[in-house]
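Fold and contact review
These are the residues of each chain, in order.
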Amino acid sequence: MPIDKTHFFCNLPANSEIAEMKNRIIDIRNDFPILKQKVNNKELIYFDNAATTQKPQIVLDTLNEYYTKYNANIHRGVHFLSSFTTEATENARKTIQKFINAKSNKEVIITKGTTDSINLIAFSFGERYVSEGDEIIVSEMEHHSNIVPWQLMCERKKAKIIVLPMNDNGELEIEKLDNLISDKTKLISVAHVSNALGTINPIEEIIQKAHSKDIPVLIDGAQAVQHIKVDVKELDCDFYVFSGHKLYGPTGVGVLYGKEELLNELPPYQGGGEMISKVTFAKTTFNELPFKFEAGTPNYIDTIGLAKAIDYVQDIGLENIYKYETQLLNYATYKLKKIKGLRIIGEANKKSSVISFLIDGIHPTDAGTLLDQLGIAIRTGTHCAEPVMQHFNISGTTRASFAFYNTFEEIDEFVKGLERVHGMLS
Ligand code: PLP
């Protein structure tokens, strides 16, 4: 199906570039077996990438290969399988280190995902640095995973959460940050990219303002690393967290990056095997970084799978991905705005490929259910960001989120689907 360019005046690349991109997309889509499936007897259109991304064949093959041929618990064995898989896991850590440009592989802690990483820091940082009356700043557009762990810690420590507000475009009111920072502020924790609105936050500016007052910053990169090149050294953030499954990797594995000197100061989060140096009933001493924070058998095969996903993404190139996804975003935004009664929630200047919207008189759940009948997977509801919904005084949105394997033609089908929904329900 040809791209509808007649109504399309957003910043598209030249025709030759589109042709090249289209050829590449055909190859890329062939790497993702799930995209060849039919759902409800229709070609699957998967626009729920902010919730989780699909996995390329190379990741699926890697998981299968390791379970089939190399599985053995790591770090403890002297035998071939254990040594082989230990080396592969530690190489995967180095791949992750290079991907975010961390100074050392000691700064890369393997966790279960973003939520687990934030809980780790909320606990350990809270234990070490937070006392009664202290404050943690989060923003109004955070995912619950970057609110609730801090609330739990604040309850334990009798500390307080302070909220950096956003405006009605879904942009942080960064000019208010200086006034919110006080001598009680212990840490600022904000999303790089909002999952509910798509806003790309000015984290460089936030980090710089915080550091001018010696306050460390945690960046929730769950919605960023798959779209934007992240360099933790350049950003100078103190902690950066993300999930493997949103980066075309397996579920149940994620990353906590932390500056070595900070991680060294923090107490362990969980106790168990691997994180110890010596155990007696009188006293336990702890392992060095990164193992101090990796209690128990780590999720080593998924870590190796995540490194494969990173290789895959880097092979396409994050700059190419960002450029292409921006075209998808602009195209979809332009086309959606033509639908009568459709309101986009979150119109920040800088956005990733996420569009949240409402259509007058149509409940998001009804829109989602009918689109599903057409084989189109989108997400509806609060997107685990209830304060965002409270800001806009709405109960939820319909959200389409695009990945580099999505196409302009799929957006056309999605818009046609929405028009059908509109015709049926409004
Ligand atoms: N933070 C943001 C911005 C997210 O979008 C998500 C998931 O949607 C999370 C945190 C939680 O990620 P996970 O469920 O992989 O731990």
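Residues numbered from 1 in each chain as written. Predicted model: local features only at pLDDT ≥ 70, side-chain atom pairs only at ≥ 80, totals over all residues. Heavy atoms only, no water.

**With respect to the overall build of the protein chain**
- Helix and strand counts for the protein chain come out as 14 helices and 17 strands.
- Over its C-alpha trace the protein chain gives a radius of gyration of 22 Å, about what one expects of a compact globule, namely 22 Å for 426 residues.
- Considering only C-alpha atoms, the protein chain reaches an extent of 70 × 55 × 35 Å along its principal axes.
- Buried residues in the protein chain amount to 57% of all 426 residues.
- Restricting to contacts in the protein chain with at least 6 residues of sequence separation, those with at least 24 account for 71%. (Helix = DSSP H or I, 4+ residues; strand = E, 2+ residues; numbered from the N terminus. Rg over C-alpha atoms; globule rule 2.2 N^0.38 Å. Buried < 20%, exposed > 50% of the residue type's maximum accessible area, 1.4 Å probe, protein only. Contact = heavy atoms within 4.5 Å.)

**A few points about the state of the cysteines**
- Tallied over the full model, the rule gives zero disulfides.
- For Cys154, which is in no disulfide, the shortest distance to another cysteine sulfur is to Cys384 and amounts to 20 Å. (Disulfide = S-S within 2.5 Å.)

**Comments concerning the domain arrangement of the protein chain**
- On domain assignment, one finds that the protein chain holds domain 1 (6-47 + 317-425) and domain 2 (60-314).
- Taken together, the contact between domain 1 and domain 2 spans 34 residues of the former and 30 residues of the latter.
- Three residues, Leu318, Cys384 and His391, lead the burial of domain 1 against domain 2; their summed loss comes to 23% of the area buried on that side.
- Along the contact surface separating domain 1 from domain 2 lie zero salt bridges.
- Summed over the shared surface of domain 1 and domain 2, the number is 17 residue pairs in polar contact (both at pLDDT 80 or more).
- Listing elements by their share of the side of domain 1 that touches domain 2, those giving two or more residues are helix 11 (318-336), strand 14 (354-359) and helix 13 (386-392).
- When residues in the side of domain 1 that touches domain 2 are grouped by element, the largest group, six residues, is from helix 13.
- When the residues that make up the side of domain 1 that touches domain 2 are grouped by side-chain class, the tally is 19 nonpolar, eight polar and seven charged. (Domains from an automatic or database assignment. Buried area = accessible area lost by both parts, 1.4 Å probe. Salt bridge = Lys/Arg side-chain N within 4 Å of Asp/Glu carboxyl O. Polar contact = N/O pair within 3.5 Å; in protein donor to acceptor, adjacent residues only side chain to side chain. Nonpolar A, V, L, I, M, F, W, Y, C, P; charged D, E, K, R; others polar.)

**Thoughts on the site of the ligand**
- Around the ligand, the surrounding shell consists of Thr114, Thr115, His143, Ser145, Asn195, Asp220, Ala222, Gln223, Ser243, His245 and Lys246.
- Interatomic distance of 2.5 Å between a side-chain N/O atom of Thr115 and an oxygen atom of the ligand.
- Contacts to the ligand include Asp220, whose side-chain N or O atom sits 2.5 Å from a nitrogen atom.
- Against a free-state accessible area of 390 Å², the protein chains account for coverage of 85% of the ligand.
- In the shell around the ligand, the residues fall into one nonpolar, eight polar and two charged. (Near = heavy atom within 4 Å. Areas by Shrake-Rupley, 256 points an atom, 1.4 Å probe, with all protein chains shown as cover.)

**Considering the sheet that holds strand 16 (residues 379-381)**
- Pairing is antiparallel across the open sheet formed by four strands, whose spatial order is 13-14-17-16. Every other strand in the sheet has two partners, leaving strand 13 (342-345) and strand 16 as the edge strands with one partner each. Within the sheet, the average angular offset between the axes of one strand and its neighbour, ignoring direction, is 30°.
- Bridging between strand 13 and strand 14 involves four bridges; their strand directions are antiparallel. Residue pairing across strands places Ile344 opposite Phe357, the latter belonging to strand 14.
- Packing of helix 14 (residues 408-425) onto the sheet brings it into contact with strand 13, strand 14 and strand 17 (397-401), and relative to strand 14 it is tilted by some 15°. (Pairing = 2+ DSSP bridges. Axes fitted to C-alpha atoms, helices over the stretch in contact; angles between N-to-C directions.)

**Some words on unusual backbone geometry**
- The omega torsion of the bond from Leu289 to Pro290 falls at 0°, within 30 degrees of zero and hence cis.
- In this structure, Pro290 sits in the loop between strand 12 (284-286) and helix 10 (300-316).
- Despite not being glycine, His383 shows a phi value in the positive range, around 55°.
- Counting through the fold element by element, His383 comes out in the loop between strand 16 and helix 13.
- Judged by its relative accessible area of 8%, His383 is buried.

**Notes on the sheet that holds strand 9 (residues 239-243)**
- Taken in spatial order, the seven strands make up an open sheet running 4-10-9-8-7-5-6, and their pairing is mixed. Unpaired on one side and paired on the other, strand 4 (108-111) and strand 6 (160-164) mark the two borders of the sheet. Between one strand axis and the next, the sheet turns through 20° on average, direction left out of account.
- As defined by bridge partners, strand 4 adjoins strand 10 (residues 254-258) across four bridges and the pair is classed as antiparallel. Bridge assignment links Ile109 to a residue of strand 10, and that residue is Leu256.
- Here helix 4 (residues 114-129) sits on the sheet in contact with strand 4, strand 7 (185-191), strand 8 (217-220), strand 9 and strand 10, set at roughly 150° to strand 9.

**Focus on the side chain of Glu325**
- One can find Glu325 in helix 11.
- Arg29 provides the closest opposite charge to the buried, unpaired Glu325, separated from it by 11 Å.
- When residues no more than four places from it in sequence are discounted, the contact partners of Glu325 are Gln226, His227, Tyr248, Ser353, Phe402, Ala403 and Phe404. (Lys, Arg positive; Asp, Glu negative; His and termini not counted.)

**Quick look at the packing of aromatic side chains**
- Scanning all chains against the criterion turns up 22 aromatic pairs.
- Taken together, the ring pairs in this structure connect Phe32, Tyr248, Tyr312, Phe404 and Tyr405 into an aromatic cluster. (Phe/Tyr/Trp six-rings, centres within 6.5 Å; stacked < 30°, edge-to-face > 60°.)

**Observations concerning the environment of Ala307**
- With respect to the secondary-structure elements, Ala307 resides in helix 10.
- Residue Ala307 is classed as buried on the basis of its relative accessible area of 6%.
- Separated by 248 residues in sequence, Ala307 and Val59 place their C-alpha atoms 8.8 Å apart.
- In this structure, Ala307 is in contact with Ala92 and Thr95, ignoring residues within four places of it in sequence.

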